[in-house]
Amino acid sequence: MESKKIKAALLGLGTVGTGVYKLVHKRADVMVDTIGAELEISKILVRDINKKREGVDESLLTDDWKEILADDEIQIVIEVMGGIEPAKTRILEALHAGKHVVTANKDLLAEYGGELLDAAAENNCDLLFEAAVAGGIPIIRPLKQCLAGNEITEIMGIVNGTTNYILTKMFEENMSFEEALAKATELGYAEADPTADVEGLDAGRKAAIMSSIAFHSRVRFHDVYIEGITKITSEDIAYAKEFDCVIKMLGVAHNTDKGIEVGVYPMLLNKEHPLASVRDSFNAVFVHGDAVDDAMFYGRGAGELPTASAVMGDIIDVARNLKYGCSGRISCTCYKEIPVKNFDDVKNKFFLRLQVKNEPGVLAQTAKVFGDHKVSIQRVVQKHVEEKAAELVISTELVKEYHLKDALRELKEMDSISEISSIIRVY
Ligand code: NAP
Ligand code: HSE
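Source: prediction; values computed, not measured.

(A) Quick peek at the overall build of the protein chain. Looking only at helices and strands, the protein chain features 14 helices and 17 strands. Its C-alpha atoms give the protein chain a radius of gyration of 24 Å, within 12% of the compact-globule value 22 Å for 427 residues. Structurally, the protein chain occupies a C-alpha span of about 90 × 45 × 35 Å along its principal axes. Looking at the protein chain alone, contacts between residues at least 24 apart form 73% of all its contacts between residues at least 6 apart. Within the structure as shown, the protein chain displays about 19,200 Å² of accessible surface, and the carbon and sulfur contribution to it stands at 48%. Computing the positive centroid from 50 side-chain charges and the negative centroid from 68, the protein chain places the two 1 Å apart.

Set out below in structure tokens:
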């Protein structure tokens, strides 16, 4: 008996596209058992059709999107080109043509996820995007399905491999930021332009997507407060060690009575916290739900095959839905409209390093400015005392971001303070 065939088109044959192509071929022999049909990549859209592509059937390559769109046999479009346009238009056109879409495109989903999911629902199509957050780590499907019985109040994670690698090397091998970034680039973790990694933009996009799903309310990229790791110094790392902490760049989101709080920034994290042991380029997402309590998802957040693993899982899901005629079963899950709080109103604890004059009364003046601005000090350590200068290392209690900003603005104006060297949040 001739088995059925599901045809799919790949848009993009870079790191992820190549991984997906390889994995589809590697799993070909189990597809009939898995989805009740053979799975075939029947066309591959690329920008440069003349580029040499090792191990790929060149007859499948095309640079003409219309050829794919018009092909009624293609039921699944796998978008792994990246960027906003033309990816957005192509996904919308595919959905309007009744094709199901799998994508890894976090940039697009973090801005236009709502619009794309609405288009999928209108056309009874699947739009799945497991690879968009934390690469190979299952997190979108667990949030939408396995944890659907929970009210999730916190989701936070290490969702950028490059920055985690850099911070690990700075912490464990005393590498400088520049050295560690060069190594991360050499190993292929960083994007061609690493700005999106080190300035926190990549993690910010992932934080927007995962908090939208966790809290059932749309959070867009521009709602996320973002700070990268470029200001972290070896001195900060030394203090973190002294305080039994590590420094990690975290995407942190809370659903509070007054709205969603969401940001990406480096944090001092106690060594006992489960995320503190996530090293090198690994990612992890930590979720707190009212029923499950704490759960953590750990693994490879990027790379050819880990990311292809997530894409392949989505393709298999689409194919199973096709088999049972239940496509579009789980679409947009943002059925609430919770405001995102202005980040100035969010409370955090801080670690601060101040370079001050070594004179009587300076500590008292500094403490007064903090007190005047409702910043409660937890501990002060005075280090590196020279004849005329000293370093004050201050930890605060929970304080509203704008109160701390006001205090620091006033401190910067004082003659007795020459520099505010570090401002790092503490988990
Ligand atoms: P990549 O290596 O830069 O590959 C992009 C591919 O898309 C290339 O094959 C390119 O064609 C093709 N392409 C780009 N623009 C095109 C256009 N206008 N028309 C036709 N083809 C076009 O990117 P990647 O690292 O595989 O990432 C793909 C997506 O996965 C992105 O959304 C990324 O954020 C996401 N993602 C990546 C990872 C990862 O580890 N890399 C992890 C999770 C998610 P040519 O080959 O002809 O240049
Ligand atoms: N550059 C990204 C990272 C790749 O370092 O995590 C996956 O999004």
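So that's the structure; there's more coming.
(B) How the structure looks around the site of ligand 2. Residues in contact with ligand 2, as listed here, are Lys106, Asn160, Gly161, Thr162, Tyr189, Glu191, Asp197, Asp202, Lys206, Gly301 and Ala302. Look at ligand 2: alone it shows 250 Å² of surface, and the protein chains cover 91% of it. At the level of elements, helix 7 (161-173) and helix 10 (201-215) are the ones that each hand at least two residues to the shell around ligand 2. Residues belonging to the shell around ligand 2 are distributed by class as follows: two nonpolar, four polar and five charged.

(C) Summary view of the site of ligand 1. Among the 23 residues in the neighbourhood of ligand 1, the closest are listed as Leu13, Val16, Asp48, Arg53 and Gly303. Considered on its own, ligand 1 offers 900 Å² of accessible surface; in the complex 80% of this is hidden by protein. Of the residues belonging to the shell around ligand 1, the class tally is 10 nonpolar, seven polar and six charged.

(D) Quick peek at the sheet that holds strand 6 (residues 127-128). Strand order in this open sheet of six strands is 3-2-1-4-5-6, and the pairing throughout is parallel. Two strands bound the open sheet, and with one partner strand each, they are strand 3 (61-62) and strand 6. Taken together, the four bridges between strand 4 (residues 74-79) and strand 5 (residues 100-103) define a ladder with parallel strand orientation. Residue pairing in the sheet places Ile76 in a bridge with His100 of strand 5.

(E) Local environment of the side chain of Arg353. Tracing the backbone shows Arg353 in strand 13 (residues 347-357). By relative accessible area, Arg353 is classed as buried at 5%. Among the polar contacts listed, one links the side chain of Arg353 to the side chain of Asp236, at a separation of 3.2 Å. Setting aside its immediate chain neighbours within four residues, Arg353 contacts Thr233, Glu235, Asp236, Tyr239, Glu391, Leu392, Val393, Glu419, Ile420, Ser421 and Ser422.

(F) Seen up close, the pattern of salt bridges. Throughout the structure, instances matching the rule amount to 23 salt bridges. A salt bridge links Asp344 to Lys405; the nearest nitrogen and oxygen atoms lie 2.8 Å apart. You can see Asp344 sitting in the loop between helix 12 (304-324) and strand 13 and its partner Lys405 sitting in helix 14 (residues 401-413), a full 61 residues away along the chain.

(G) Representation of unusual backbone geometry. Across the junction of Glu85 and Pro86, the peptide omega takes the value 10°, indicating a cis bond. Here Pro86 lies in the loop between strand 4 and helix 4 (87-96). Located in the positive-phi region is Asp293, a residue other than glycine, with phi close to 70°. Taking relative accessible area as the criterion, Asp293 reaches 44% and is therefore assigned partly exposed. Residues other than glycine seldom take positive phi values, yet Lys374 does so here, at roughly 65°. In this structure, Lys374 sits in the loop between helix 13 (362-372) and strand 14 (377-383).

Rules used in this analysis
Residues numbered from 1 in each chain as written. Chains lettered and ligands numbered in written order. Predicted model: local features only at pLDDT ≥ 70, side-chain atom pairs only at ≥ 80, totals over all residues. Heavy atoms only, no water. Helix = DSSP H or I, 4+ residues; strand = E, 2+ residues; numbered from the N terminus. Rg over C-alpha atoms; globule rule 2.2 N^0.38 Å. Contact = heavy atoms within 4.5 Å. Areas by Shrake-Rupley, 256 points an atom, 1.4 Å probe, with all protein chains shown as cover. Lys, Arg positive; Asp, Glu negative; His and termini not counted. Charge placed at Lys NZ, Arg CZ, Asp CG, Glu CD. Near = heavy atom within 4 Å. Nonpolar A, V, L, I, M, F, W, Y, C, P; charged D, E, K, R; others polar. Pairing = 2+ DSSP bridges. Buried < 20%, exposed > 50% of the residue type's maximum accessible area, 1.4 Å probe, protein only. Polar contact = N/O pair within 3.5 Å; in protein donor to acceptor, adjacent residues only side chain to side chain. Salt bridge = Lys/Arg side-chain N within 4 Å of Asp/Glu carboxyl O.

These results come straight from atomic positions and should not be treated as a statement about function.
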